[in-house]
Each structure stands twice: as C-alpha cells, then as structure tokens.
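# Tertiary structure, described
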Amino acid sequence: MSTNAVENAAPAAAAEDATPSGTPARTGLLIIGASQSGVQLAVSLRALGFDEHITLLGDEDHRPYQRPALSKEFLQGTVESESLIFRSNEYWDEHNVDLVKGEYIVRIDREADGSGVAHSSSGKQFPFKRLALTVGARARKLEIEGGDLDGVLYLRNADDALALKARVGDAHDVVVIGGGFIGLEAASSLQKMGKNVTVLEFGPRLVGRAVGEETAEYFLQAHRSRGLDIRLSTSAARFRADDGGAAVSGVELQDGTVLPAQIVLIGIGVIPNTQLAEQLGLTVDNGIVVDRFALASDGTTVAIGDCANMPNPVPGSAPGERIRLESVNNAIEHAKVAAYSLTGRREEYAGIPWFWSNQADLKLQIAGLCNGYDQTVLRRDEERGKFSVLYYRQGQVIAADCVNAPLDFMAVKNALAKGQNIPAEAAADPATPLKTITTDS
Amino acid sequence: MPTVHFTDAEGAVRDVQGNSGDSVMETAVRNGVPGIVAECGGSLSCATCHVFVRDDCLAQLPPMEDMEDEMLYGTAVDREDNSRLSCQLRLTDGLELFVTTPETQV
C-alpha cells in the first residue's frame with residue numbers, strides 16, 4: 001500500500017484537516033470492507049466524478065481480492081494469488097483512494113451531520129465525512145464438540161484458503177460439512193487434488209433453496225457418478241482427535257459411525273456482519289436494512305452487498321418484499337446504486353440477479369430468482385452434457401439453472417432483463433435455441 | 001514486455017503493459033481500463049470482457065474453446081468474426097495486441 005496517496009492527490013481532492021498525531025486526515029468517504037462491493041463502490045464513484053478523498057479499509061492483511069476463486073482455482077493452484085488482486089496499487093494512487101489493510105473497526109462515533117470517527121482494534125482513528133458499510137458476512141460456525149481442533153477449517157477469506165492449502169498436502173481424507181455451493185466447489189477441488197472426500201449435508205438435498213429440486217438432484221447424481229461420497233440428511237455429532245491430540249482425526253456421525261478426516265471443511269452458510277450497524281443504531285434484520293437507493297435507516301450511510309437486506313431488485317417484485325443476496329453480481333450492481341446515492345443522484349436498484357458455481361467439470365449458471373415458481377421445464381442434452389431448468393410463474397419465465405449450457409443461460413438472462421418471455425411449451429425441446437423463441441410478453 | 005492497445009468505442013486508445021501469463025482481461029481490470037467489466041473474474045461465466053481483436057492479431061491468439069464460443073453469443077454488443085473474451089487471451093513475451101472494446105458489456 002502507498003502511504004502517500006494523500007500528498008500525491010490533486011489539491012481539490014485531498015483529505016482535509018491533517019493532524020500531526022498520527023490520526024489520518026479526515027476522508028470524504030470511509031468505506032469499511034475492502035470487499036468486492038467496497039472496491040466497486042470506490043471505482044464507480046470515481047467514474048461518476050466523485051472528487052473527495054476515499055479511504056477503503058479492510059481487516060485483512062491483503063490487498064482487495066476476488067473471493068470466488070478461493071474454493072476453486074486458487075485452492076487447486078491453477079491461479080496465483082497475484083491474479084486475484086482487483087486493482088494495481090498504481091490504480092488506487094492515481095484515483096486518490098487510500099487503501100488501509102489489517103484494521104478492524106470496533107466502534108464508530110457519529111455526529112448529527114453523518115460525519116464521524118471510526119476506531120480500530122489497534123487504537124487507530126479514521127475520521128470521515130460520510131460512511132459506507134461493505135462489511136460482508138462471516139462463516140457460520142458449527143458449534144459441536146471438537147470444533148476447535150486443528151484441521152477444522154472454514155473457507156471465507158484468503159487466510160482461510162491459505163490455511164487449507166497448507167494442510168492439503170499431508171491429508172488423505174477430507175470431510176466437507178455442508179452441501180451448498182462452497183462445500184461442493186471445495187469438495188470437487190479437493191477430490192481433483194487426489195483427496196478422499198466425503199460431503200455431509202444436513203438437509204434432504206443439496207444446495208438448499210438456491211436451486212430447485214431438479215437441479216439439486218442433477219448435482220447429486222453428477223457428483224456421485226464422479227466418485228464423490230455425498231451423504232444427505234447426515235450431520236456430524238463431534239470431531240475426534242486420536243489419543244487426545246490437538247489435530248482432528250475423524251468425524252463422528254449421529255449414528256456413531258466415524259469417518260477418518262485429517263481436514264474438516266465447514267461450509268454451512270454465512271451470517272451478515274451487522275455489529276457496526278447495530279452500534280450505530282441502524283435498523284438491522286437479517287442484514288443491514290436499506291432502501292432502494294442502498295441507504296440505511298439513518299438516510300445517509302450506505303450499506304451494500306452481502307451485508308445488506310434490500311427491497312427485491314427484480315422488476316415486478318411484490319411491494320415490501322425484501323432479500324439479502326450473496327453474490328458477485330449483487331455486490332457490483334448494488335455498489336453502482338450506492339455510488340449514485342453518494343453523488344446526489346437517485347437511481348433505484350433494479351436488475352436480474354445472476355450467480356455461478358463451478359464444480360468439477362460442471363459449470364452452473366443461474367439467471368434470476370426461482371422462488372415462487374409454479375412450473376419447470378427441463379432441457380437435457382445427455383450427449384453434450386448440458387442440463388437446464390427453466391422456472392415459470394403463471395406462464396412467465398422467472399429464472400433458469402443452466403449446467404454447461406451458456407446459450408440457455410444467456411438467453412434467459414437477456415430475456416429477463418428485457419422483460420421478455422420464453423414460452424414453456426416451445427422451451428421443452430432442447431434442440432431449439434431459446435434465443436429464437438423469445439417473445440415480448 | 002507484452003503490450004495491449006485498448007481502443008474504446010469512441011476511438012480513445014490506452015496502451016497497457018502487461019505480464020506474460022496474465023490474461024488480457026486481468027491486465028485491463030487491474031489498470032482500470034473502463035471498457036472491460038469482467039464480473040466473474042475470468043471463470044467464463046459472464047461474457048462481460050468481450051473484445052474485438054484487430055484482424056492481423058488473431059493468428060497469435062489461442063484457439064477458441066466451445067464454452068467461450070457459446071458465451072460469445074450472449075454478449076451485450078453482438079459478436080463479430082473477430083470477437084473474443086479477453087479472459088481467455090493470455091499474454092506472451094513480446095506480444096503486441098490491438099483490441100477494441102464494445103460500447104457496453106452489460
């Protein structure tokens with residue numbers, strides 16, 4: 001990180017009121033969370049001409065990086081850590097953004113005008129004019145006996161991934177707890193790396209509510225046929241260590257079975273980080289509650305990305321319907337809305353959420369949100385390994401899960417964005433390109 | 001050092017030096033070239049790093065795989081014969097690449 005970004009800045013954009021005490025000068029906007037949404041907010045603000053000094057602060061000792069690869073390419077060693085970095089140091093310097101690493105904010109004092117001072121656990125102070133919370137979410141912990149043994153790991157950030165990588169070489173058996181996206185991505189990666197992997201899923205099917213039944217079943221069969229041991233409706237009772245040692249050696253199931261494991265990787269969801277919002281007196285309910293303009297209940301703080309509970313951005317959603325989305329696409333689009341709000345414009349958040357998950361050679365792309373569907377259409381091309389499910393509500397397509405079928409994904413994503421439909425009857429023939437049967441609805 | 005010359009839809013040119021092994025997309029994003037979005041970070045999931053490659057540069061590039069080919073049918077600005085996804089284009093020593101970014105990626 002450059003320490004002299006402020007001195008190098010153009011005079012009009014420099015932070016003000018420099019103090020000699022080691023406290024940094026007051027920044028125009030303090031972004032807490034050097035995350036995908038935090039990075040995008042800073043980038044979007046500069047694109048919109050926001051000329052005040054920006055401080056992008058994170059609690060990790062890394063430059064802001066992309067998370068999705070941690071369970072896949074980074075874990076498998078097919079990309080280097082440097083290529084996960086969002087922006088070069090020069091970019092931040094040139095754009096008058098001060099990057100602060102390794103500072104964990106524990107308290108924020110606010111003035112009536114919205115300005116304030118953030119205090120870090122190391123005792124540093126960060127005065128600001130305006131505040132953005134891009135604080136993300138943290139891994140939900142599995143609180144069972146043995147949960148603090150060495151080798152019981154989570155996968156949320158780069159240090160988690162490094163800890164996992166450091167242990168992989170010596171491990172033969174891995175138990176992954178949680179059959180969601182993170183668990184299945186990591187399980188696929190570890191299997192590819194030659195580990196004996198077992199996945200335990202508490203629920204009766206994989207991936208919970210993020211996909212429909214057909215997709216969950218498809219993934220179950222596909223992973224099992226690739227040799228992954230997946231056990232549904234199964235949970236761990238405790239983690240065991242041999243001879244009272246400090247390192248995990250096995251997972252004991254509810255029925256007493258013990259699976260050997262030198263690594264246990266837990267991926268059972270995340271909890272939005274709302275501590276600072278609560279301390280500020282902001283409304284919190286499964287995330288920081290924000291309006292369509294990404295503004296929290298005080299009307300001045302913006303909160304975006306995984307940590308924010310917002311009105312459903314899908315056009316036509318029921319009034320008052322709220323949602324919290326954990327995705328790269330949401331982090332980016334929500335940041336753009338917040339950037340408008342911070343520059344005095346009002347742009348409602350509206351868009352079609354999309355998601356992806358790469359597991360072994362299965363490339364899942366999801367367009368839209370499938371909740372509330374009353375009909376599905378399956379498109380399956382066994383020969384070419386393609387599989388799509390389209391979801392309908394009252395005859396209107398609302399979402400699709402597509403595996404190794406980017407044409408279907410793109411067709412649905414584009415149709416939803418334009419408010420078009422793909423009639424269900426015609427969509428059922430996998431030989432018909434969806435793009436050719438899209439209609440204005 | 002490999003160099004990529006990015007021309008935007010208005011004709012403004014930006015020359016960026018990159019590192020061998022990095023993709024054209026990474027080189028663009030890290031340096032804030034505005035015409036490349038790259039939401040998915042290079043995992044061939046989003047088709048928002050679309051570029052048009054100058055015809056005389058096409059032969060220096062790796063051949064297109066099926067997934068890239070299919071994703072290119074979903075780009076915001078329609079594909080042309082010289083379309084590629086820049087996340088799939090790796091820089092090599094001495095490469096001098098000329099690309100144009102589309103008017104929009106989303």
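A few words on the interface of chain A and chain B. As a measure of interface size, the accessible area lost when the parts come together is often cited. On the chain B side, the residues contacting the 27 residues of chain A number 18 residues. Across the chain A-chain B interface, the total number found is two salt bridges. When the shortest N-O distance is used, the salt bridge between Lys386(A) and Glu70(B) registers 2.9 Å. Counting only elements with at least two residues in the side of chain A that touches chain B, the list comes to helix H9 (328–342), strand E21 (354–359), strand E22 (362–368) and helix H10 (406–417) of chain A. Per-element tally for the side of chain A that touches chain B: the top contributor is H10(A), with five residues. Here the side of chain A that touches chain B is composed, by residue class, of 11 nonpolar, eight polar and eight charged.

The subject of this paragraph is a negative patch on the surface. On the surface, Asp55(B), Asp78(B), Glu80(B) and Asp81(B) cluster together into a patch of negative charge. Counting through the fold element by element, Glu80(B) comes out in the loop between helix H2 (66–71) and strand E4 (83–85).

Glancing now at the pattern of salt bridges. Taken as a whole and judged by the stated rule, the model has 27 salt bridges over all chains. The closest approach of N and O atoms between Arg30(B) and Asp22(B), which form a salt bridge, is 3.2 Å. You'll find Arg30(B) and Asp22(B) in the same group, each marked buried. We note a salt bridge from Arg30(B) to Glu26(B), for which the minimum N-O separation is 3.8 Å. One end of the pair, Arg30(B), and the other, Glu26(B), are both in helix H1 (residues 24–30), four residues apart, so they sit about a helical turn from each other. Since its relative accessible area comes to 12%, Glu26(B) is described here as buried. Linked through salt bridges whose partners overlap, the residues forming this network are Glu145(A), Arg238(A), Arg240(A) and Glu252(A).

Residue and element names in this part refer to chain A. Spatial strand order, E12-E13-E14: three strands in an open sheet with antiparallel pairing. Each edge of the sheet is formed by a strand with only one pairing partner; in this case those strands are strand E12 (236–240) and strand E14 (258–260). For this sheet the average axis-to-axis angle between neighbouring strands, irrespective of direction, equals 25 degrees. Of the pairings in the sheet, the one linking E12 to strand E13 (residues 250–253) comprises four bridges and is antiparallel in character. By the bridge assignment, Phe-239 is partnered in E13 with Val-251.

On to the pairing of strand E1 (residues 27–32) of chain A. Residues and elements named next belong to chain A. Within E1, six of the six residues are buried, which leaves it mostly tucked inside the rest of the structure. Pairing of E1 with strand E6 (residues 125–133) involves five bridges; the strand directions are parallel. In the strand pairing of E6, Thr-27 is matched with Phe-128. With helix H2 (residues 36–47) bridging E1 and the parallel strand E2 (residues 54–57), this β-α-β connection has right-handed handedness.

All names here are of chain A. The final tally for this structure, using the stated rule, is six aromatic pairs over all chains. Judged by centre distance (6.0 Å) and plane angle (80 degrees), the rings of Tyr-218 and Phe-219 are edge-to-face. The class for Tyr-218 is buried, based on a relative accessible area of 12%. These aromatic residues form a ring-pair network of at least three members: Tyr-218, Phe-219 and Phe-387.

With that settled, the discussion passes to the sheet that holds strand E15 (residues 263–266) of chain A. Residue and element names in this part refer to chain A. With parallel pairing, the five strands of this open sheet are ordered in space as E8-E15-E9-E10-E11. Edge strands, defined here as strands with exactly one partner in the open sheet, are strand E8 (152–154) and strand E11 (229–231). Taken over all neighbouring pairs, the strand axes of this sheet differ in orientation by 20 degrees on average, direction set aside. In this sheet, strand E10 (residues 196–200) lies alongside strand E9 (residues 173–177) in parallel orientation, the contact comprising five bridges.

This part covers the side chain of Thr274(A). All names here are of chain A. Here Thr-274 lies in the loop between strand E16 (270–272) and helix H8 (275–279). For Thr-274, a relative accessible area of 9% gives the class buried. Within the local environment of Thr-274, its side chain forms a polar contact with the side chain of Glu-278, the two groups lying 2.7 Å apart. Residues within four places of Thr-274 in sequence aside, it is in contact with Val-284, Gly-287 and Ile-288.

Below, the discussion takes up empty space enclosed by the protein. Residue and element names in this part refer to chain B. Within this structure, the stated rule accounts for two cavities of 30 Å³ or more. Of the pockets and cavities examined, the largest cavity occupies roughly 50 Å³. Around the largest cavity, the lining residues are Met-25, Ala-38, Cys-40, Gly-42, Leu-44, Ser-45, Cys-46, Ala-47, Cys-49, Leu-85 and Cys-87. Taken together, the residues of the lining of the largest cavity sort by class into nine nonpolar, two polar and no charged.

Take the packing of H2(A) against H9(A) next. All names here are of chain A. Contact geometry for H2 and H9: axes closest at 8 Å, N-to-C directions at 40 degrees. With respect to H9, the element H2 is oriented oblique. In this structure, H2 crosses over H9, and the sense of that crossing is right-handed. The segment H2 lies against H9, with Gln-36, Ser-37, Gln-40, Leu-41, Ser-44 and Leu-45 engaging Val-328, Ala-331, Ile-332, Ala-335, Lys-336, Ala-338, Ala-339 and Leu-342. Along the lines of polarity and charge, the residues of the contact of H2 with H9 split into nine nonpolar, four polar and one charged.

Criteria and cut-off values
- Residues numbered from 1 in each chain as written.
- Chains lettered and ligands numbered in written order.
- Predicted model: local features only at pLDDT ≥ 70, side-chain atom pairs only at ≥ 80, totals over all residues.
- Heavy atoms only, no water.
- Contact = heavy atoms within 4.5 Å.
- Salt bridge = Lys/Arg side-chain N within 4 Å of Asp/Glu carboxyl O.
- Helix = DSSP H or I, 4+ residues; strand = E, 2+ residues; numbered from the N terminus.
- Nonpolar A, V, L, I, M, F, W, Y, C, P; charged D, E, K, R; others polar.
- Patch = residues over 30% accessible without salt bridge, like charges linked within 9 Å, V, L, I, M, F, W, Y side chains within 5 Å.
- Areas by Shrake-Rupley, 256 points an atom, 1.4 Å probe, with all protein chains shown as cover.
- Lys, Arg positive; Asp, Glu negative; His and termini not counted.
- Charge placed at Lys NZ, Arg CZ, Asp CG, Glu CD.
- Buried < 20%, exposed > 50% of the residue type's maximum accessible area, 1.4 Å probe, protein only.
- Pairing = 2+ DSSP bridges.
- Axes fitted to C-alpha atoms, helices over the stretch in contact; angles between N-to-C directions.
- Right-handed = clockwise from strand over helix to strand, strands pointing away.
- Phe/Tyr/Trp six-rings, centres within 6.5 Å; stacked < 30°, edge-to-face > 60°.
- Polar contact = N/O pair within 3.5 Å; in protein donor to acceptor, adjacent residues only side chain to side chain.
- 1 Å grid on protein atoms, 1.4 Å probe; cavity = no way out; pocket = protein on both sides within 12 Å on 5 of 7 lines; lining within 4 Å.
- Points joined across faces, edges and corners; volume = space filled by probe spheres on them.
- Parallel < 35°, antiparallel > 145°, perpendicular 65-115°, else oblique.
- Left-handed = near helix turned anticlockwise from the far one by under 90°.

The values reported here are purely geometric and, on their own, carry no functional implication.
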